[in-house]
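Residues per chain, in single letters:
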Amino acid sequence: MCKSRRRDDSYSSTEWSEAFTLSVSNKPRATLTAGTTIIPVGGSVTLTCSVQSSDGWKYEWFRRTQRTSEVQIRDQQNRDIRVSQGGIYRCRGTRGNPVYYTDKSYEVTIEITFSNKVVVKQQPNWPQIFRGETITLTCEVQEGGETTEWEYEWRGPRTPTQWTHNNDVTFVVSESSSGDYMCKSRRRDDSYSSTEWSEAFTLSVSTDQPKAQITSHMRDIPVGGSVTLNCSVNASSSSSGWKYYWYRDEKSSEALTTQDAVFHSNGQISVSQEGLYRCRGGRGNSVYYTEDSQSVRIDKKAAPEPESSSFLTPLIVGLVCGVLLILLLLLLLCRFKQSKDSFFVRTRSTNQSSAMNHMIKDEAQHSRHASTVQGDACVYESIKDLHDTQNDDSVLYAQVSHDRAKTKKDNDDSLLYAQVYYTKAKPKRHKGKPAPAAADETVYSEVKSQTALD
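The shown structure was predicted, so the numbers you read here are calculated from the model rather than taken from an experiment.

The rules behind each value
Chains are numbered independently. Their residues run from 1 in the order of the written sequence. Where totals are concerned, whole chains, interfaces and linings use all residues; where local detail is concerned, this predicted model gives features only for residues with pLDDT of at least 70, and gives and counts side-chain atom pairs only at 80 or more. Only hydrogens and water are set aside; all other atoms, that is, all heavy atoms of the structure, feed into the side-chain values. Under the scheme used here, helices are H or I runs from DSSP no shorter than 4 residues and strands are E runs no shorter than 2 residues, and both carry numbers assigned from the N terminus. Burial here depends on accessible area, computed with a 1.4 Å probe over protein chains only, as a share of the maximum for the residue type. Under 20% is buried, over 50% is exposed, and the range in between is partly exposed. Contact definition: two residues touch when any of their heavy atoms are within 4.5 Å. Only the protein chains shown count as cover for residues, with accessible areas throughout obtained via the Shrake-Rupley method and a probe of 1.4 Å. For patches, a residue must show more than 30% relative accessible area and have no salt bridge; joins then use 9 Å for like charges and 5 Å for nonpolar side chains, namely Val, Leu, Ile, Met, Phe, Trp and Tyr. Any carboxyl oxygen of Asp or Glu within 4 Å of a side-chain nitrogen of Lys or Arg constitutes a salt bridge here. The pairing criterion is simple: DSSP has to find at least two bridges between the two strands. Fitted lines through C-alpha atoms serve as axes, helices being fitted only where they are in contact, and the angles separating the N-to-C directions of these axes extend from 0 to 180 degrees. What pLDDT conveys is the predictor's confidence in a given residue, as a value from 0 to 100. Nonpolar cores are built from buried Ala, Val, Leu, Ile, Met, Phe, Trp, Tyr and Cys residues. Side-chain atoms within 4.5 Å join them into one set. In protein, a polar contact means a hydrogen-donor-capable atom and an acceptor-capable atom, both N or O and within 3.5 Å, with residues adjacent in sequence counting only if both atoms are side-chain atoms; elsewhere, any N or O pair within 3.5 Å suffices.

**Observations concerning the overall build of the protein**
Per the secondary structure count, the protein includes three helices and 33 strands. A buried classification covers 30% of the 454 residues belonging to the protein. Partitioning the contacts of the protein with sequence separation of at least 6, the portion at a separation of at least 24 is 59%. When the accessible surface of the protein is totalled, it reaches about 30400 Å², and 49% of it is carbon and sulfur.

Quick look at the structure:
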């Protein structure tokens, strides 16, 4: 309250005024608010500074970064300002003369968005991931990336939420790993300028362990051949990246090598050894294995011959034997004909004297006498003359007797005597010419018996 008096009359005054209540507060703190803390590409944001329940204030603005100290933004005294740079902002109020300053506001971080686009990629990039597999998620900066170093921030169920210098995260997936993953990056020299968040990458984790399957069209190994085996993972049509491991015998834990089988692509091998075969799939650097397939027994047996082979073999053998038999018969026939021709040539060229005829007659009588005593037989054969070119009726009669009068000791000298009578047919008569007399010719031939030859 207050009252007054006249200066020339110190004993005269007014009454006390009504009471004026003064409320004194502590030094105020300015308040800074922002419509958004992310500046879009090519845009800006509005910042507002205020001092609660008081008037007459002017405002001062400040900005800093992690690498630069705080400086005042000049020519900005209004309550609202628009900024297009990322950084840490503060403000305070001023009024009066001398100037009274409020406390500075709390910091507000404004980030500016780069035009760079970031994407999340998975390595290995298999569409289907199984529990227990190890994967790596990578944050890649694309489109107009500056030549600078970046920091990265992740958002997801199994990734760190703070900024890190590594652009990838590696982990073993489980049921809790399923979900959406996003990342963004910023320049290391300007931690308040960053890219926008990437699009969400959805990770789906399968909880069931897949099982390999083995198939074979043949179970018996043909002689000198092999059997082809196929292995596949019956998990999903989009599942990929599998390598296949083969085993022989149930207790074996050592995978087959190229010395044991011939390896083909797409999980296919050819084996030539009998045994019990199984396979399984595996993929990844830290190899993740499927369940083993069922076992398949491969036996080594002789394959049946084709029907065409069983039919052609006896046919070819029969044809060869037939041809050889025909050639043998032709050879025997030629030898027989040559022997026959030689016999008639020798018989006609022998001596035809009458004295020899007499000896032959005596021998014939002796042979007939011996044959009646010893039972020797005489053989007569009618033989055509080979030199008969006029087709006459000339005939050779050969009487062959076997002399067995000798003792067994002399049996090696047994002889066959051939008495040959050569009779020509009566020739035809011609006018004016007498017919020649017919002549009988006897030819003597000595022939060794079979016993003598033996």
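**Quick look at a nonpolar patch on the surface**
Taken together, the side chains of Ile316, Val320, Val323, Leu324, Ile326, Leu327 and Leu330 present a nonpolar region at the surface, about 660 Å² in accessible area. Here valine 323 lies in helix H1 (residues 307-349). By relative accessible area, which is 48% here, valine 323 ends up partly exposed.

**Some thoughts on the sheet that holds strand S12 (residues 117-123)**
With respect to topology, three strands assemble into an open sheet ordered S12-S14-S16, the strand pairing being antiparallel. Each edge of the open sheet carries a strand with a single partner, namely S12 and strand S16 (168-172). Pairwise comparison of adjacent strand axes, ignoring direction, gives a mean angle of 20° for this sheet. Taken together, the seven bridges between S12 and strand S14 (residues 134-142) define a ladder with antiparallel strand orientation. The partner of valine 120 across the bridge, within S14, is cysteine 139.

**What about the pattern of salt bridges?**
Close approach of charged atoms lets side chains of opposite charge pair. All chains considered together, the criterion is met by 13 salt bridges. Glutamate 151 is the partner of arginine 186 in a salt bridge, and the nearest nitrogen-oxygen pair spans 2.7 Å. One end of the pair, arginine 186, is in strand S17 (residues 179-187); the other, glutamate 151, is in strand S15 (residues 150-155), and 35 residues separate them in sequence. Glutamate 151 carries the same exposure label as arginine 186, and that label is buried.

**Some details on the confidence of the model for the protein**
The predicted model of the protein has a mean per-residue pLDDT of 76, with 70% of residues at 70 or higher. Note that residues 366-418 has pLDDT below 50 and, in this model, 93 contacts with residues that lie over four places away or in other chains. Note on residues 448-454: pLDDT under 50 across the span, and ten contacts to partners over four residues away in sequence or across chains.

**Focus: the sheet that holds strand S25 (residues 262-264)**
Spatial strand order, S21-S23-S26-S25: four strands in an open sheet with antiparallel pairing. Where the open sheet ends on each side, the last strands, each with one partner, are strand S21 (212-215) and S25. Strand after strand, the sheet turns through a mean of 25° between neighbouring axes, direction not considered. As paired strands, S21 and strand S23 (residues 227-233) are joined by four bridges and run antiparallel to one another. Counterpart to threonine 215 in the pairing with S23 is asparagine 230.

**A word on the nonpolar core**
With 18 residues, the main nonpolar core has Ile135, Leu137, Trp154, Phe171, Val173 and Leu203 as its most contacted residues. At the level of secondary structure, the elements contributing two or more residues to this core comprise S12, S14, S15, S16 and S17. Every residue in contact with isoleucine 135, bar those within four places of it in the chain, is listed here: Gln123, Ile129, Val169, Thr170, Phe171, Val173 and Leu203. Ala30, Cys49, Tyr59 and Val83 belong to the second largest nonpolar core, which has 17 residues in total.

**Focus: the side chain of threonine 136**
Here threonine 136 is to be found in strand S14. A distance of 2.8 Å separates a polar atom in the side chain of threonine 136 from a polar atom in the side chain of threonine 170. In this structure, threonine 136 is in contact with Lys121, Gln122, Gln123, Asp168, Val169 and Thr170, ignoring residues within four places of it in sequence.

**A closer look at the side chain of serine 177**
Along the polypeptide, serine 177 turns up in the loop between S16 and S17. At a separation of 3.0 Å, a polar atom in the side chain of serine 177 contacts the main-chain amide nitrogen of serine 174. Residue contacts for serine 177: discarding those within four places in its chain leaves Pro157, Arg158, Phe171, Val172, Leu203 and Val205.

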